[in-house]
Amino acid sequence: MQNLSLQIPMTKEVEKPEMIAGETVLEINLEAVKHNFHYLKSKIAPNIQFMAVVKANSYGSDASEIALELEKEGADYFAVAYSSEGEILRKAGIKKPILVLHPLLANFDIIRDNNLEPALYSKKILNAFLEFLKIHKLSDYPVHLKINTGLNRLGFEPEEIADVAEGIAKAKEMRVSSIFSHLVASEDDKETDFTRNQIRMFEKAGKVIFEKLGYTPLLHCTNTSAIIRYPEARFDMVRSGIGLYGYTYDPAENKNLAPVATLKTVISQLHNIKTGESVGYNRGFIAEKPTKSATLPIGHADGFLRAFGKGKGWVIINGKKAKVLGNVCMDMVMVDVTDIECKEGDEVLVFGAGAPADELAAAIDTISYELLTGISSRVKRITVKNRIYSYKY
Ligand SMILES: *Cc1c(COP(=O)(O)O)cnc(C)c1O
């Protein structure tokens, strides 16, 4: 049994080579990914498979590094949103099956060339893919059937699946690896009845498909919050994204997880602002008293959203919250350090280990997912593992 109380090396404790100090970086802690994976796995029976969701560059971090770590640790399956994301994983050397959640008609070549497994969600895409397989003389190609149980985003309607499965049963070109659906509000206490009904609909649809196919593909419908809240819905496989990166809907549960991505920056310059002077574009902040400001080399082009302006958002400097002064610029932001002991060159924590992304997200009515995935490619990703840094530009 894995020791789940293992100490996660917080990036702060890691000895840092000089050369990476002094700029904006996103630190990706592979020890934290490993810990989160084993923690989530400890919640499910050992015979249930684990699909790691690594779409959107592993929620804004580094999909290749994360997937390689998870493959080594025993993830059974990977999921990406788009085909090109699957191609990146294959180039990185990922061998495990990769589900493409949202394949498009234009992407079939990438799917085949990289041995990716498409989710089929409409008759149109099913027929087009079948045609593609015929042209290329492929057989038993693994596909997944997506059932719409209420999200109304992608998926076959429960009423059409008998017909669809009957057609697939006759086609030797493809074989269904799994049947899945996506829950609408699995983290929401007020939607428990709705969620239970989705799970029932899904199970029923699965049975209809089994019967028509004459074999039993894997069933899966839980995302991170459902893994925790709906044990009855784990079926043959669970899918987890946000939990692997250290967050759930539940602050108590978050204590068992470790944030994987930590966004850090540095103080470039300090200014003493006199009463009546302003800071930043459009005089977004006007000092009512003498104020000390710190300028940071991070702005909305890096993913530090403009919505954080005028005191809504903050960063952590020497253990204290420094609120945003005025408007966030494209490449910089100024924060209030009037009451904070600090100097130019000091490290600044934006979110991650020691500064939960979900708290900062809540300050502007969004969710951790959006903050994490919004960190732009300009921000250097640094992978931390066992006190060794590797570099990615
Ligand atoms: C993104 C996604 C997930 C992962 O959800 P988390 O809440 O991040 O665990 C699972 N399934 C589907 C279909 C998704 O699109």
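Located above this text is the structure these notes cover.
Residues numbered from 1 in each chain as written. Predicted model: local features only at pLDDT ≥ 70, side-chain atom pairs only at ≥ 80, totals over all residues. Heavy atoms only, no water.

In this section: the sheet that holds strand β5 (residues 117–120). Overall, parallel pairing links the eight strands, which are arranged β8-β7-β6-β5-β4-β3-β2-β9 in an open sheet. Edge positions in the sheet fall to β8 (218–220) and β9 (237–240), since each has one partner strand and no second. Adjacent strand axes in the sheet meet at a mean angle of 30 degrees when their direction is disregarded. Here strand β6 (residues 141–146) pairs with strand β7 (residues 174–180) via six bridges, running parallel. Its bridge partner being in β7, Leu145 is matched across the sheet by Ile179. (Pairing = 2+ DSSP bridges. Helix = DSSP H or I, 4+ residues; strand = E, 2+ residues; numbered from the N terminus. Axes fitted to C-alpha atoms, helices over the stretch in contact; angles between N-to-C directions.)

Once that is clear, we can look at the sheet that holds strand β14 (residues 291–296). Taken in spatial order, the three strands of this open sheet run β11-β14-β17, and their pairing is antiparallel. Every interior strand has two partners, whereas the edge strands, β11 (269–273) and β17 (333–336), have only one. Going across the sheet, the axis of each strand differs from the next one's by a mean of 30 degrees, ignoring polarity. Pairing geometry for β11 and β14, over five bridges, is antiparallel. Bridging across to β14, Leu270 finds its partner in Ala294.

Another point: empty space enclosed by the protein. Using the criterion set out here, one finds one cavity of 30 Å³ or more in the structure. Put simply, the largest cavity is a space of about 40 Å³. Lining the largest cavity we find Ser58, Tyr59, Ser61, Tyr245, Tyr247, Val260, Ala261 and Leu372. Here the lining of the largest cavity is composed, by residue class, of six nonpolar, two polar and no charged. (1 Å grid on protein atoms, 1.4 Å probe; cavity = no way out; pocket = protein on both sides within 12 Å on 5 of 7 lines; lining within 4 Å. Points joined across faces, edges and corners; volume = space filled by probe spheres on them. Nonpolar A, V, L, I, M, F, W, Y, C, P; charged D, E, K, R; others polar.)

Another point: the pairing of β9. The alternating pattern of β9 places Met237 and Arg239 and Val238 and Ser240 on opposite faces, both of which are buried. Inspection of the sheet shows strand β2 (residues 49–53) paired to β9 by four bridges, in the parallel sense. From the neighbouring strand, Met51 faces β9, where its bridge partner is Arg239. (Buried < 20%, exposed > 50% of the residue type's maximum accessible area, 1.4 Å probe, protein only.)

Turning our attention to the layout of surface pockets. There is about 1200 Å³ of room inside the largest pocket. Lining the largest pocket are 50 residues, and of these Tyr59, Ile242, Ile367, Ser368 and Tyr369 lie nearest its centre. Listed by contribution, the elements that provide at least two residues to the lining of the largest pocket are α2 (55–60), α9 (224–229), β9, α10 (251–254), α11 (357–362) and α12 (368–373). Looking at the lining of the largest pocket residue by residue, the classes come out as 25 nonpolar, 16 polar and nine charged. Lining the lining of the largest pocket are residues from two domains, each supplying at least three of them: domain 1 (30–246) and domain 2 (261–384). (Domains from an automatic or database assignment.)

Attention now goes to the packing of aromatic side chains. All told, the structure shown has nine aromatic pairs when counted by the stated rule. Between Phe108 and Phe129 the ring centres are 5.0 Å apart and the planes differ by 75 degrees, which places this aromatic pair in the edge-to-face class. Taken together, the positions of Phe108 in helix α5 (residues 108–113) and Phe129 in helix α6 (residues 123–135) put the pair 21 residues apart, joining distant regions of the chain. What makes Phe108 buried here is its relative accessible area of 6%. Residue Phe129 is classed as buried on the basis of its relative accessible area, which comes to 1%. Ring plane angle 75 degrees and centroid distance 5.5 Å describe the contact between Phe129 and Tyr141, whose orientation is recorded as edge-to-face. On the criterion of sequence distance, the pair formed by Phe129 in helix α6 and Tyr141 in strand β6 is long-range, its members being twelve residues apart. Over the face of the ring belonging to Trp314 we find Lys321, whose NZ or CZ atom lies 3.8 Å from the ring centre. (Phe/Tyr/Trp six-rings, centres within 6.5 Å; stacked < 30°, edge-to-face > 60°. Lys NZ or Arg CZ within 6 Å of the ring centre and 35° of its normal.)

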